Amino acid sequence: DHDFSTGSYRQVGDRNWLLSTADMRWFWDQYCPAGVDRDNPEISPLRLADLRGLPPAMVLVGELDPLRDEGWSYATRLAAAGVAVTARCDAGMVHGYLGAAGAVPTAASAMQSSASWIRGQVDPLTR
């Protein structure tokens, strides 16, 4: 989504921990230049009126990621719509923390959980 006023943006967006509010504004300007409707649900999935029928999802967010609240909001809305969702917020983690799975135990755990979740989604399809 393109709402830069969420709690996570206010709490950590200006600390420049790998991703800042300024970075995200720039990314959004590249993704949706002037004249593009950022409220279009195909661009901002949080703007979907009805999330029923979407596929199961796993949402991982880092506590210190400016995108944390929008990820958590999406997971909450999916669950409220009856979509099977697994959500996890990892304490002390910044945006992109999964890339450090080889060195950061929390990231490794999140990657293992993700792999298990994916196996759980794929295994019933292969039987």
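Scroll up to find the structure.
The rules behind these values
Residues numbered from 1 in each chain as written. Predicted model: local features only at pLDDT ≥ 70, side-chain atom pairs only at ≥ 80, totals over all residues. Heavy atoms only, no water. Helix = DSSP H or I, 4+ residues; strand = E, 2+ residues; numbered from the N terminus. Expected span 1.5 Å × (residues − 1). Buried < 20%, exposed > 50% of the residue type's maximum accessible area, 1.4 Å probe, protein only. Lys, Arg positive; Asp, Glu negative; His and termini not counted. Salt bridge = Lys/Arg side-chain N within 4 Å of Asp/Glu carboxyl O. Contact = heavy atoms within 4.5 Å.

Q: I keep staring at helix α4 (residues 105–126) and nothing clicks. Help me out?
A: Since one α-helical turn is 3.6 residues long, residues separated by three or four positions face the same way. Over its 22 residues, α4 runs 31 Å from end to end, which matches the ideal 32 Å to within 8%, given 1.5 Å per residue. For α4, the set of buried residues is A107, A110 and S114.

Q: I'm lost on the side chain of E70 in this one. Help?
A: Along the polypeptide, E70 turns up in helix α3 (residues 68–80). No salt bridge forms around the buried E70; measuring N to O, its nearest opposite-charge neighbour R47 is 8.8 Å away. If sequence neighbours within four positions are ignored, E70 has contacts with D1, Y9 and L46.

Q: How do you make sense of the pattern of salt bridges when you look at a structure like this?
A: It is possible for side chains of opposite charge to pair when their charged atoms get near one another. Per the stated rule, a full pass over the model turns up 6 salt bridges. D50 is paired through a salt bridge with R52; the nearest N and O atoms lie 2.6 Å apart. In this structure R52 comes out as exposed when scored by relative accessible area, which is 60%. Of the charged contacts in the structure, one is a salt bridge between D90 and R88, with a shortest N-O distance of 2.8 Å.

These values are about where atoms sit, not about what they do.
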